[in-house]
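Examining the three-dimensional arrangement
Okay, here's what each chain looks like letter by letter:
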Amino acid sequence: MNKILISVLFLFMIACQSKSTETSQESSEPSVAIQEETPNFDWLIGQWERVNEEKGKNTFENWEKIKEGHYYGFGFTMRNGDTITQEKMTIIQSNEEWKLTVKVPEDTAAVDFDLSNLNDNEFTFVNKEIDFPNTIHYWKNGDQIQATVANSEFQIDFEFKRLN
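Everything numeric here is computed off the predicted structure, so don't read it as measured data. (Residues numbered from 1 in each chain as written. Predicted model: local features only at pLDDT ≥ 70, side-chain atom pairs only at ≥ 80, totals over all residues. Heavy atoms only, no water.)

1. Looking at the overall build of the protein chain
Rules: Secondary structure elements are taken from DSSP: a helix is a run of H or I of four residues or more, a strand is a run of E of two residues or more, and numbering for both begins at the N terminus. Burial here depends on accessible area, computed with a 1.4 Å probe over protein chains only, as a share of the maximum for the residue type. Under 20% is buried, over 50% is exposed, and the range in between is partly exposed. Residues are treated as being in contact if the distance between any of their heavy atoms lies within 4.5 Å.
A count of helical and extended segments in the protein chain gives one helix and ten strands. For the protein chain, the succession of helices and strands along the chain, N to C, is α-β-β-β-β-β-β-β-β-β-β. In the protein chain, buried positions account for 29% of the 164 residues. Intrachain contacts of the protein chain at a sequence separation of at least 6 include 29% that bridge at least 24 residues.

This is the structure:
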């Protein structure tokens, strides 16, 4: 009787393990497909210093990944040890759409930009409702990142090196 009970338990464990492996494989396949389609902004993560800033100023951006689909950036410019500008930025996926939101202290509301272009190491967000900037474009260039903020008449270029 004990041998039969042990045999039944052994077969039951094998069956459960086999079913668990099938379920695991089934559930992992769709998530892989979703991950391949999910944009990855991880190349932004880190602390960056602007290398093409005007003399006497120092500009920095710090980016971190809060969780999947949510990045946070903080940028600021200093002159003589005093912070003269700052901005908080988020890149968030909501309802299958990506938004860049920028908030500066002197404005009461944040400004949203919609994703218009995305490649492996490059993205562009736009908001044609505002004067400047209505286009924000970032791209990776070797071990640096570059950015432009622009409208149809004016553009500001940024070049950042990674800080260690």
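That shown, we press on.
2. Considerations on the sheet that holds strand β5 (residues 97–103)
Where we set the bar: Pairing between two strands requires that DSSP report at least two bridges joining them. All axes are obtained by fitting lines to C-alpha atoms, using only the stretch in contact for helices, and the reported angles, taken between N-to-C directions, cover 0 to 180 degrees.
Taken together, ten strands build a closed barrel; the order of strands is β1-β2-β3-β4-β5-β6-β7-β8-β9-β10 and the barrel is antiparallel. Put simply, the sheet's adjacent strands are angled 25° from each other on average, direction ignored. Inspection of the sheet shows strand β2 (residues 57–67) paired to strand β3 (residues 70–79) by ten bridges, in the antiparallel sense. Bridging across to β3, K65 finds its partner in Y71.

3. Side note on the packing of aromatic side chains
As a reminder of what qualifies: Two rings from Phe, Tyr or Trp (for Trp, the six-membered ring) form a pair when their centres sit within 6.5 Å of each other. Planes less than 30 degrees apart are called stacked, planes more than 60 degrees apart edge-to-face, and all others tilted.
One pass over the structure, following the stated rule, counts eleven aromatic pairs. A centroid spacing of 5.5 Å and a plane angle of 50° characterise the contact between F132 and F154, whose relative ring orientation is tilted. With a gap of 22 residues between them, F132 in the loop between β7 (122–126) and β8 (135–141) and F154 in the loop between β9 (144–150) and β10 (155–162) connect regions that are remote in the sequence. By relative accessible area, F132 is classed as partly exposed at 34%. Taken together, the ring pairs connect F41, W43, W63, Y71, W98, F123, F125 and Y138 into an aromatic cluster.

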